[in-house]
Amino acid sequence: MNVLQAAPGSAYFLDPSKPEIETHTLAVIVDNEPGVLARVIGLFSGRGYNIDSLTVSETQHEKHVSRITIVTSGTAAVIVQIKHQLERMVPVHSVADLTVQGQAITRELAMVKVAGTGEKRVEALRLADAFRARVIDAGTTSFIFEITGKSDKVEQFISLMVPLGLVEVARTGVAGITRGPEGMKE
Amino acid sequence: MATTEMTGAEIVLKALADQGVEHVFGYPGGAVLPIYDEIFQQEKVKHILVRHEQGATHMAEGYARSTGKCGVVLVTSGPGATNAVTGLTDALMDSIPMVCLTGQVPTHLIGNDAFQECDTVGITRPCTKHNYLVKDVNDLARILHEAFYVATHGRPGPVVVDIPKDVQFATGRYVGPKNIEHKTYRPKVKPDQNAIRAAVELIASAKRPVLYTGGGVINSGTTASKLLREFVALTNIPITSTLMGLGAYPASGKNWLGMLGMHGMYEANMAMHDCDVMINIGARFDDRITGRLNAFSPGSKKIHIDIDPSSINKTVRVDIPVVGDVAHALEDMIRVWKSKSLSLDKKAMDAWWKQIDGWRARDCLKYRKNADVIMPQYAIERLYELTKHMDTYITTEVGQHQMWAAQFYKFEDPNRWMTSGGLGTMGYGLPAAVGVQMAHPKSLVIDIAGDASVQMTAQEMSTAVQYRLPVKIFILNNQYMGMVRQWQQLLHGNRLSESYSEALPDFVKLAEAYGCVGIRCDKPADLDGKIKQMIETPHPVIFDCRVASLANCFPMIPSGKAHNEMLMGEDVPDEEVGTAIDAKGKMLV
């Protein structure tokens, strides 16, 4: 039976005064046709939902199927509504709430440019090593680090770089996948 | 095969014919000329020339809603497409199946700010169920058939197909409609049987059940209405309906409570408030229905049958969701009910009906009769009495007259009532009536209109005259935007800002100018005779019914209030009208 059926009660018994905001990662499989990303983004802006992060890329070239990973925040009811609203779009094959399914791995890649000399430069390199960030470009006064990991790890690395001469950050946004042998329904 | 090679424009007409389309409502222009050239050279698809593209979309809506078929619209690029946006949005909100073909500038000019260019797919993305831009003529036939599939399957809605002019000229392969469905779009129509069983068991245990039905029953087809009547007869549960669902259960049926919601019946709203089991069939807990959400039917368990999973738990939390088509769900529920030989607690039901009869005794539609001035309610009552024996279809515009029509006109069958519910589009009714009359040339089609609304699309009278469609435009003329004025009286200290219809046209002369018949009536004693005259006129008629100018529409749930806090008609003193809505309610629409 539907997940929703498990939750009883009517509007009257819910206490709307303290809705808890949750952050969920949704994986959306779509036909890679023109305008599909605009459709998904338009749903979020049109209905007032939040997008914290969004990544998209074609994952099956022969079938022209893309995978969109969206990190969104809202109350539990809003998250379920977002999922259903996505599912009713014609080019959407399926939607998985990776946060509800649990056991999901999420990763993000960032390129972090840091400029400096002397002790700060050495410290930046030391911290990069501790975070397993790779140096992908180096000059006498600057580094570009590549770091991959969960968003909070990336976040922490960037904040540590601020006093050490952070210049610029490029982040990919979150990609996510579930553990185990099963793939996502297409 | 050589025979399957044809131009894009030929493909369009072939696809329409193969889809069984008989009527297309449209307006020509530069970017659709190749298609119009094909229309000229064939006879299967009849084109109805409108006067404004918005008119075409509402005609297609009226046509679709009165027949259950898909309405088809053909407009040009740029302004043609933007003018269609209101009707597309209306169709989306009310779940009306429609395919709208728009011309587009040639593909090599797209994005160049060409003459009559607009980003049609961009503009219509949020106001359609789906839309397409056809860039290759070899995709055209498939996309057209797919568009009809998407528009009519699952929760119906409008689909736009944007066709650049070079694609209309190019030669490509035609494929027939057989086996064409969308690659992945497969709306669920058969409900989960566990949910059905749970729903039936909950209903059987009810002491104060109520059925709350909506437009989904109409959209599901006439079978759904038959099954609904069977289910009501089987269980003896009282039934109410939204504006969009009127006619699914006959107004003469003994279980009928009348419409519910903001201007619904007292007994219907009280039953909703006090019920212990609510069975929502094909309705969506719209804000016009629920009133104040946290006081909406506080003591009930709720069952919600809807084909669109996103409707479930959107505003009101339900206990048993049933995702699927109404007809399938009702069929399953009736089967389970019968196989278990279930019945409701007789004693509890008797008490429930007794309570409902008590509410009915309030006679909430009561209004002060007047011998000198036509009361708008009286006008609709008479219109109903004089047309009820006939094959009648009713459309409306939006406002007070719409609510009076819903309250006082009694519908016995589905597909007889066409109104703009979700979007509330003034100007819907006149073109919708034209569309309905096109589909039912021998029937009596009446647009119950208001003096303000009717002016928004009055130009379509010309279409009615051109195609000899004898629509009757019955205007309740109170010289106000009545519903706006009513809200200003309720909310804004009776400051009637811009709601007076200054400089109204002479509707009788307007009718004559269009080449149809104008009738005016301002005395209650003359009303019957003039309505009969209108009915007997075999031409389009504009009926200027001069009604009491300051009558308001009651009963009413003021915004921000609950179902059991209705304002009743006669007994509302003026000072109470001014204070009926509190500060919080004023923020709502």
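### Re the sheet that holds strand β19 (residues 517-521) of chain B
Think of a sheet as strands paired side by side through backbone hydrogen bonds, with each pair either parallel or antiparallel.
Residues and elements named next belong to chain B.
Then, number 1: If you trace the 6 strands from one edge of the open sheet to the other, you get β16-β15-β17-β18-β20-β19, paired in parallel fashion. With one partner strand each, in any of the chains shown, β16 (417-418) and β19 form the two edges of the open sheet.
Then, number 2: Packed onto the sheet, helix α21 (residues 524-536) meets β17 (444-450), β18 (472-477), β19 and β20 (541-546) and runs at close to 170 degrees relative to β19.

### Quick look at the packing of helix α11 (residues 266-274) of chain B against helix α14 (residues 346-360) of chain B
Residue and element names in this part refer to chain B.
Then, number 1: Running from N to C, α11 and α14 point in directions that differ by 140 degrees, and their axes come no closer than 8 Å. Considering their axes alone, α11 and α14 lie oblique with respect to each other. Judged by the sense of rotation from one axis to the other, the crossing of α11 with α14 is right-handed. Residues Tyr266, Glu267, Met270, Ala271 and Asp274 of α11 form the contact with α14, whose participating residues are Trp352, Gln355, Ile356, Trp359 and Arg360.
Then, number 2: Taken together, the residues of the contact of α11 with α14 break down into 6 nonpolar, 1 polar and 3 charged.

### Some details on the pattern of salt bridges
Then, number 1: Under the counting rule described, the total for this entry stands at 29 salt bridges over all chains.
Then, number 2: Among the ionic pairs, Lys83(A) bridges to Glu87(A), the shortest N-O distance being 3.3 Å. Here Glu87(A) and Lys83(A) lie together in helix α2 (residues 76-87), a separation of 4 residues that amounts to about one turn.
Then, number 3: Classification of Lys83(A) by relative accessible area gives partly exposed; the value is 23%.
Then, number 4: Salt bridges sharing partners connect three or more residues here, namely Asp506(B), Arg520(B), Asp544(B) and Arg546(B).

### Focus on the pairing of strand β2 (residues 53-60) of chain A
All names here are of chain A.
Then, number 1: Bridging between β2 and strand β3 (residues 65-74) involves 7 bridges; their strand directions are antiparallel. Directly across from threonine 55, in β3, lies its bridge partner threonine 69.
Then, number 2: Where β2 folds back on β3, the antiparallel hairpin that results is connected by 4 residues, among which histidine 64 adopts a positive phi of roughly 55 degrees.

### So, the side chain of Asp544(B)
Residue and element names in this part refer to chain B.
Then, number 1: Relative to the elements of secondary structure, aspartate 544 occurs in strand β20.
Then, number 2: Residue aspartate 544 is classed as buried on the basis of its relative accessible area of 0%.
Then, number 3: Within the structure, the side chain of aspartate 544 is placed 3.1 Å from the side chain of arginine 546, a separation counted as a polar contact.

### A closer look at the nonpolar core
All names here are of chain B.
Then, number 1: Within the largest apolar cluster, 115 residues are counted, with the highest numbers of intra-cluster contacts made by Ile279, Ile281, Ile303, Val322, Phe474, Phe543 and Cys545.
Then, number 2: No other element matches helix α13 (residues 326-339), which puts 8 residues into this core.
Then, number 3: Dropping the residues within four chain positions of it, valine 322 is found in contact with Pro191, Ala195, Ile196, Ala199, Ile303, His304, Ile305, Asp306, Ile312 and Ala329.
Then, number 4: Counting residues in hydrophobic clusters, the runner-up holds 42 residues, among them Tyr63, Tyr428, Met461 and Ile542.

### Comments concerning the side chain of Ser73(A)
Then, number 1: Assignment of secondary structure puts Ser73(A) in strand β3.
Then, number 2: According to the relative accessible area criterion, Ser73(A) is buried, its value standing at 12%.

### Considering helix α8 (residues 193-204) of chain B
Note that an α-helix has 3.6 residues per turn; residues three or four places apart therefore point the same way.
Residue and element names in this part refer to chain B.
Then, number 1: With 12 residues, α8 extends 16 Å from end C-alpha to end C-alpha; this agrees with the ideal 16 Å at 1.5 Å per step.
Then, number 2: Along α8, the residues that are buried comprise Ala195, Ile196, Ala199, Val200, Leu202, Ile203 and Ala204.
Then, number 3: Residues of α8 that are buried make contact with α10 (222-235), β12 (277-281), β13 (301-306), β14 (320-323) and α13.

### Points about the packing of aromatic side chains
All names here are of chain A.
Then, number 1: Here the structure, examined in full by the defined rule, presents 16 aromatic pairs over all chains.
Then, number 2: Between phenylalanine 44 and tyrosine 49, the ring centres sit 5.9 Å apart and the planes meet at 85 degrees, which makes this aromatic pair edge-to-face.
Then, number 3: On the accessibility criterion, phenylalanine 44 (1% relative accessible area) is buried.
Then, number 4: Take tyrosine 49: its relative accessible area is 15%, and that puts it in the buried class.

### Let's talk about the sheet that holds strand β6 (residues 134-138) of chain A
All names here are of chain A.
Then, number 1: Read across the sheet, 4 strands follow the order β6-β7-β5-β8 without closing on themselves; strand pairing throughout is antiparallel. Each edge of the sheet is formed by a strand with only one pairing partner; in this case those strands are β6 and β8 (166-178). Put simply, the sheet's adjacent strands are angled 15 degrees from each other on average, direction ignored.
Then, number 2: Of the strands in this sheet, β5 (104-115), β6 and β7 (142-149) are in contact with helix α4 (residues 119-130), which crosses β7 at around 20 degrees.
Then, number 3: Contacts from helix α5 (residues 151-161) reach β5, β7 and β8, with the element oriented near 160 degrees to β7.

### As for α4(A)
Residues and elements named next belong to chain A.
Then, number 1: Between its first and last C-alpha atoms α4 spans 16 Å; for 12 residues at 1.5 Å apiece the expected length is 16 Å, and the two agree.
Then, number 2: Listing the buried residues of α4 in full gives Ala124, Leu127 and Ala128. One side of α4 holds all its buried residues, which, seen down the axis, span an arc of 105 degrees. When the buried face of α4 is taken as reference, the exposed residues oriented beyond 90 degrees from it are Glu119, Asp129 and Ala130.
Then, number 3: Considering only its buried residues, α4 is in contact with β5, β7 and α5.
Then, number 4: Downstream of α4 by one or two residues, arginine 132 has phi in the positive range, about 55 degrees.

### Considering the confidence of the model for chain B
Then, number 1: Summary statistics for chain B give a mean pLDDT of 95 and a share of 97% for residues scoring 70 or more.
Then, number 2: Across the assembled chains, the prediction reports ipTM 0.87 with pTM 0.92.

### As for the domain arrangement of chain A
As a measure of interface size, the accessible area lost when the parts come together is often cited.
Residue and element names in this part refer to chain A.
Then, number 1: Split by domain assignment, chain A resolves into domain 1 (18-101) and domain 2 (105-178).
Then, number 2: Taking only C-alpha atoms, the centre of domain 1 and the centre of domain 2 are 28 Å apart.
Then, number 3: The interface of domain 1 with domain 2 comprises 9 residues on the first partner and 8 residues on the second.
Then, number 4: Both faces considered, domain 1 and domain 2 share a buried interface measuring about 530 Å² in area, 59% of it formed by carbon and sulfur atoms.
Then, number 5: For the interface between domain 1 and domain 2, the tally reads 0 salt bridges.

### Considerations on the packing of helix α15 (residues 376-387) of chain B against helix α16 (residues 400-408) of chain B
All names here are of chain B.
Then, number 1: Between α15 and α16, the shortest axis-to-axis distance is 9 Å and the interhelical angle comes to 45 degrees. On the basis of their axis angle, the class for α15 and α16 is oblique. Once α15 is placed against α16, the crossing between them reads as right-handed. Contact with α15, carried on its side by Pro376, Gln377, Ile380, Glu381 and Tyr384, involves His401, Trp404, Ala405 and Phe408 of α16 and no other residues of that element.
Then, number 2: Taken together, the residues that form the contact of α15 with α16 break down as 6 nonpolar, 2 polar and 1 charged.

Thresholds applied
- Residues numbered from 1 in each chain as written.
- Chains lettered and ligands numbered in written order.
- Predicted model: local features only at pLDDT ≥ 70, side-chain atom pairs only at ≥ 80, totals over all residues.
- Heavy atoms only, no water.
- Pairing = 2+ DSSP bridges.
- Helix = DSSP H or I, 4+ residues; strand = E, 2+ residues; numbered from the N terminus.
- Contact = heavy atoms within 4.5 Å.
- Axes fitted to C-alpha atoms, helices over the stretch in contact; angles between N-to-C directions.
- Parallel < 35°, antiparallel > 145°, perpendicular 65-115°, else oblique.
- Left-handed = near helix turned anticlockwise from the far one by under 90°.
- Nonpolar A, V, L, I, M, F, W, Y, C, P; charged D, E, K, R; others polar.
- Salt bridge = Lys/Arg side-chain N within 4 Å of Asp/Glu carboxyl O.
- Buried < 20%, exposed > 50% of the residue type's maximum accessible area, 1.4 Å probe, protein only.
- Polar contact = N/O pair within 3.5 Å; in protein donor to acceptor, adjacent residues only side chain to side chain.
- Core = buried A, V, L, I, M, F, W, Y, C linked by side-chain atoms within 4.5 Å.
- Expected span 1.5 Å × (residues − 1).
- Phe/Tyr/Trp six-rings, centres within 6.5 Å; stacked < 30°, edge-to-face > 60°.
- Arc of directions from axis to C-beta.
- pLDDT = per-residue confidence, 0-100.
- Domains from an automatic or database assignment.
- Buried area = accessible area lost by both parts, 1.4 Å probe.

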